Amino acid sequence: MTKFGLAQPVRRVEDPRLLKGAGRYTDDIVLPGMLHGVVVRSPHAAARITAIDTAAAVAVAGVVAVFTGADLAAAGVDPLYSAVPMTNRDGSAGANPPHPALAQGFVRHVGDPVAFVVAETLAAARDGAEAVAVSYQQMPAITDPARAMDEGAAQVWADAPHNLAFDWEVGDRAATEALFARAHHVTRLTVINNRVVASSIETRGAVAAYDAAAGRWTLWANTQGGWLVKESLAAAFRTEQASFRIVTPDVGGAFGMKIFPYPEHVCLAFAARAVGRPVKWLAERAESFLSDTHGRDNVTLGELAVDGDGRFLALRTRNIANMGAYLSTYAPFIPTFAGTIVLASVYGFRSVYANVLGVFTHTVPVDAYRGAGRPESNYLVERLVDQAARDLGIDRVELRRRNMVAPSAMPWQTPVGGRYDSGEFVRVLDAAAAKMDWSAFRARRALSARHGLRRGIGLAYYLEATGGSNSERAEIVFAEDGFVDVYVGTQSSGQGHETAYVQLTADRLGIPGEQIRIHQGDTDRIPVGGGTGGARSLYSEGQAILLTARSVIDKGRQAASEALEAAAADIVFEAGRFTIAGTDRGIDILSLAATQRARRARGEEATLLDAAEVAAIDAHTYPNGCHMAEVEVDPETGVVQLLRYIVVDDVGRAINPLIVRGQVQGGVAQGFGQAVREQAVYDPDSGQLLSGSFMDYALPRADDLPDIEVELLEIPCTTNPLGVKGAGEAGAVGSPPAVMNAILDALAEAGVADLDMPATPEKVWKAIAAAEATSL
Amino acid sequence: MNLFEYVRPASLAEAIAAGAAPGAAFLAGGTNLLDLMKGGIARPSRLVDLTRLPGLGAIERGPEGGVRIGALVRNADLAHDPDFAQRFPAVAEALLSGASAQLRNAATVGGNLMQRTRCAYFYDPASACNKRDAGAGCAARGGERRLAAVLGASEQCIATHASDFCVPLAALDAVVEIAGAAGTREVALEDFHLLPGATPERESVLAPGELILAVRLPAAAAAFARHARYLKLRERTSYAFAVVSAAAALRIEAGAIVEGRIALGGVAAKPWRARGAEAVLSGQKPERALFRRAAEAALAEARPVGDNGFKIELARRIVARALALAAAGTPARLPALPASPFAPVPGGPHG
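The rules behind each value
- Each chain has its residues counted from 1, following the order in which its sequence is written.
- For naming, the first written chain is A and the first written ligand is 1, with later ones following in the order written.
- The predicted nature of this model means local features are confined to residues of pLDDT at least 70 and side-chain atom pairs, given and counted, to a pLDDT of 80 or more, with totals for whole chains, interfaces and linings taken over all residues.
- Computation of side-chain values: all heavy atoms of the structure, hydrogens and water removed.
- Each residue is assigned to one of three classes by its accessible area relative to the maximum for its type, calculated with a 1.4 Å probe on protein chains only: buried under 20%, partly exposed between the two thresholds, exposed over 50%.
- Elements are defined by DSSP. Helices are runs of H or I of four residues or more, strands are runs of E of two residues or more, and each kind is numbered from the N terminus.
- For two strands to be treated as a pair, DSSP must find at least two bridges joining them.
- Think of it like this: strands point away, you trace from the first strand over the helix to the second, and a clockwise trace means the crossover is right-handed.
- Any pair of residues with heavy atoms lying within 4.5 Å of one another is described as a contacting pair.
- Pairs of N or O atoms are called polar contacts if they sit within 3.5 Å, as long as, within protein, a hydrogen donor faces a hydrogen acceptor (for residues adjacent in sequence, only side-chain-to-side-chain pairs).
- Between the first and last residue of a helix there are one fewer steps than residues, each counted as 1.5 Å, and that sum is the expected span.
- Annotation comment: domain bounds sourced from an automatic or database domain assignment.
- Once two parts are brought into contact, the accessible area they lose, counted with a 1.4 Å probe and summed over both, makes up the buried area.
- A pairing counts as a salt bridge when a side-chain nitrogen of Lys or Arg comes within 4 Å of a carboxyl oxygen of Asp or Glu.
- Three residue categories are used. Nonpolar comprises Ala, Val, Leu, Ile, Met, Phe, Trp, Tyr, Cys and Pro, charged comprises Asp, Glu, Lys and Arg, and polar comprises the others, including Gly.
- What counts as an axis is a line fitted to C-alpha atoms, over the stretch in contact for a helix, and the angles between N-to-C directions run from 0 to 180 degrees.

Draft legend 1. Inspection of the pairing of strand 30 (residues 708-712) of chain A at higher detail. Residue and element names in this part refer to chain A. Along strand 30, the buried face is formed by I708, V710 and L712; none of E709 and E711, which line the opposite face, is buried. Direction of pairing for strand 29 (residues 640-650) relative to strand 30: parallel, over a ladder of 5 bridges. Looking across to strand 30, one finds that I646 is bridged to E709. Regarding the hand of the β-α-β motif, the stretch spanning strand 29, helix 17 (residues 657-677) and strand 30 is right-handed.

Draft legend 2. Spotlight on the environment of B:S245. All names here are of chain B. Relative to the assigned elements, S245 resides in strand 10 (residues 244-253). Sequence separation between S245 and Y6 is 239 residues; the distance between their C-alpha atoms is 37 Å. In this view, S245 contacts V167, Y230, L231, K232, A263, L264, G265 and I318; residues no more than four positions away in its chain are not counted. Polar side-chain contacts of S245 include one of 2.7 Å to the side chain of Y230.

Draft legend 3. Quick peek at helix 19 (residues 761-775) of chain A. Here helix 19 of chain A spans 21 Å end to end across 15 residues, near enough to the 21 Å set by a 1.5 Å rise per residue. Those residues of helix 19 of chain A that sit buried are A:P761, A:E762, A:V764, A:W765, A:A767, A:I768 and A:A771. Residues of helix 19 of chain A that are buried in the fold lie against strand 28 (624-633), strand 29 and helix 18 (730-748) of chain A together with helix 13 (310-328) of chain B.

Draft legend 4. Region of interest: the domain arrangement of chain A. Residue and element names in this part refer to chain A. Domain annotation for chain A reports domain 1 (2-22 + 468-616), domain 2 (31-139 + 202-252 + 258-291) and domain 3 (294-467 + 620-775). Using C-alpha coordinates to define each centre, domain 1 is positioned 39 Å away from domain 2. At the interface, 20 residues of domain 1 touch 17 residues of domain 2. Summed over both sides, the interface between domain 1 and domain 2 buries roughly 1300 Å², with carbon and sulfur atoms accounting for 43% of that surface. At the junction of domain 1 and domain 2, the tally comes to 4 salt bridges. A salt bridge links R245 to D522; the nearest nitrogen and oxygen atoms lie 2.6 Å apart. Across the contact surface, domain 1 and domain 2 share 8 residue pairs in polar contact (both at pLDDT 80 or more). Looking at the side of domain 1 that touches domain 2, its residues break down into 5 nonpolar, 12 polar and 3 charged.

Draft legend 5. Focus on the sheet that holds strand 4 (residues 59-61) of chain B. Residue and element names in this part refer to chain B. Pairing is antiparallel across the open sheet formed by 5 strands, whose spatial order is 4-5-8-6-7. If you trace the sheet from one side to the other, it starts and ends with strand 4 and strand 7 (183-188), each paired once. Recorded for the sheet is a direction-independent mean angle of 20° between the axes of neighbouring strands. Bridge analysis of strand 5 (residues 67-70) against strand 8 (residues 211-217) gives 4 bridges, and the strand direction is antiparallel. Following the sheet pairing, I69 is matched in strand 8 by V215. Relative to the sheet, helix 1 (residues 12-19) contacts strand 6 (175-180) and strand 8, its axis offset from that of strand 8 by approximately 120°.

Draft legend 6. Spotlight on the pattern of salt bridges. A full pass over the atoms with the stated rule returns 83 salt bridges over all chains. The closest approach of N and O atoms between A:E284 and A:R126, which form a salt bridge, is 2.8 Å. One end of the pair, A:E284, is in the loop between strand 13 (279-282) and helix 8 (285-291); the other, A:R126, is in helix 4 (residues 122-131), with 158 residues separating them in the sequence. Classification of A:E284 as partly exposed rests on a relative accessible area of 34%. The partner of B:R146 in a salt bridge is A:E762, and the shortest N-O contact between them spans 2.3 Å. With B:R146 in the loop between helix 7 (109-114) and helix 8 (166-171) and A:E762 in helix 19, this pair bridges two chains. Several salt bridges share partner residues, and in doing so they unite B:D173, B:E190, B:R251, B:E253, B:E259, B:R261, B:R273, B:R275 and B:E278 into one network.

Now the structure itself:
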């Protein structure tokens, strides 16, 4: 086994650099003559702007320029638009309102950008921002998605009546209705999927520079892949994509939120061109809460039809999904295509019908957040299954086992568009139950009861569908200094991509991992890339690396046949050496590459080994697994303590089990945060964000969590040659329902049947108190 | 434009003179004030940095067994002072249950008393707040009031005081030493913070220019050391303010409570001493039913605002449990998670 072998728990090669402070983040970009930008944001959730007076701001010492929406409009800069507006179920087009980088007469959420102040120093820019006088005429606001369609609710967009962005459906409605009509039992549940804030440790930021002679911008920005930003900026500035170079330095956390083009990118590009100097903007934490896309925020009715044998017949859902004030890039896609594809989960539903209503509210736009639609669907399904088990008096594990799709049924086509290539759901479920010692829970509950505590155990079987761009590129270059450079089209924000790609390249080319360098994040150097999101990176970029490595080897075989004076067909490649079959005559790949490069340098005929390939990603993958949680609830105070958490995961082959575990543990913690701690709270009348800082918005901390035990059952994916499925989102998909099901189990004997996230002490305690009051 | 002057006085007299100017604010640890300034909630025209003033950084044991804690003593230094923690364990526990390790390293004793409310509307300059802007109105009244005060609130303000430290101090008869232009004076900690009434912008008895020199605990406070606890209910295991909290201290002789002390946090604009509840304890045998009666008395005057009635019952339970924990005896070492409601109560409902 080599140090960088596949399936090895190789320590992350990027960590020494990042941990020693040698990472280079967006805020580390400092250019000569660089100015600083500050965004003036709306303090109101809904208002008409009657006047903007920038005179006092321009007069502030150090302020270079102040821009408003009028400046952008006059220069012909277009608003941003969602990339995926929906088609309504009646065939009409869903809404796709403009998202101006700076307000055009109206503001629609607290934090909506109104003006952009550029100054010599950050302090001067802040002073300038404070001096911008904006006159607002306040209007009524709506923040609650469940009330957004009510008669008389405040309207976010005049041409979107009832605040309806789209009314979308998937699945066979008639067939579903028919199955419901003959169901033995129907379980109904309305769940709230709480709005959360991504809270990456590095806030959003960017630096823009404009080269007037070339007519070209460079934008350094913390993205999840600069190509989408490039495309969007080119559209906004009505120019060629080639006019933009997007460079993504190291990124400190993203979780989906950094995928998108944002108003600040437009402001920076505009300002850099207008003033002829580079401009930097970096969000303060308070700004992040008010301007980063939020996640989730659904209110969903789910109905599960079951026959007399406890077999699931059909699933029907009606989901109200809060879009926020504008349609962010992928926002409409999240609760629709991305979310509903996993609605059938691992169960053999005969029919599924989903209706999704996207609604506008005066809140920060919502978009992809770790899992993006799949956690919401899994949460609904797993809560419904638990409720059905209680309704029918069937054991929760048994009910799931009874309804799981068998491995022999693979590939399995679901009623909502999924095509599962592989999966052994019952095996994974049983492994989890054994690991958790599920059957001995009763004794543990009794022990807690002796201490006055209510103990609960819960599980969730999740199924995730990875997604993203349908192609990916890799380029392998044998550099002059003897290193091998690999250029990738994905973008790490902390996942450990560099390590996994080094492992793959080392394995395929037989090159020591220490001599491989991974490069990402420059749209000039790397012409196309799908970026990172939807847990796609390893299976997508991995395939591209495989394809490119094969191309390198083909070229190497040709070069070796010339160097070794043998027929190409007789050359074999193994463990980094090209040899003539049946002999010990050969040359190692690095020496061969160096020889060829030297020949080329001398002007001689040479076959360079460098190669670039774009792999088509024909099928996406279906990671799945079983989460189990055990909790103790203090009935006197409502405090929930997570005692034990286990995951048995099928994320396919693990190229690096250490990184997979880290990804799953991080995801579980994030999902636990949503289940028990986190909630973006808006004041219902004024639309002010009340949880606008880390004092009011409770992220989980280390002492909230036990060790998260992760076991990997590697059931290879059959639709890609690596057999990998993806692990980036999985943890966050499984943990909210597992934790909530455990809490509800703990509270069941107290008479609590339903509870929405986050299960804060107050809500838990109130639920217990309400149940006690009812039972009196 | 938030232009302000920064002065670093060399003497107490200079500090008092500099701090008396309108718009002046004293700066010590800065853990609250700097955040408020960054958020545009506090806009002092002058910052008077006290951190270089001599003589305010000592923990001194008094001749009769009390302690005098200088205003600039850092929270962490006080909590980890072995002699102090042993004699006033509930105070140490309260300190360690607050904020984060980094903040405790910076935050000072005086600053802890002077910290502002965590009311979300106070922190949002776009919302009306009588505390921030006298006479502007109170957006919290008609808003999200979950964490609002249930004791001593007024029409004008329903904010709470966020300190953990002040809660056992109030229970243990701490005294605040104050210096001003007219000399020094002393105020019981219980009287130091003001209830909002019609003037919620006035939060303490300090006059402009007056500053805190020290906080004193009397010798009698150390007599509770064997039965003193602080218990804090919060929405996250650490680094969170109290939803409700309670300090309980008992003197138990021959199986009976000679004297009991109770104060609550998170329920009012000041640390709330519950003297009525203390009277219930006197001379009684320490047992669950008694603690529950004391808890009822402690919250007798509590009134919900909106739908936050849950805080009243939670506070009762926290008081009863703090008393049970105190009766069981102060642990030899502070628990790893100080003030956690998950601490087992020996012999109690969770023992």
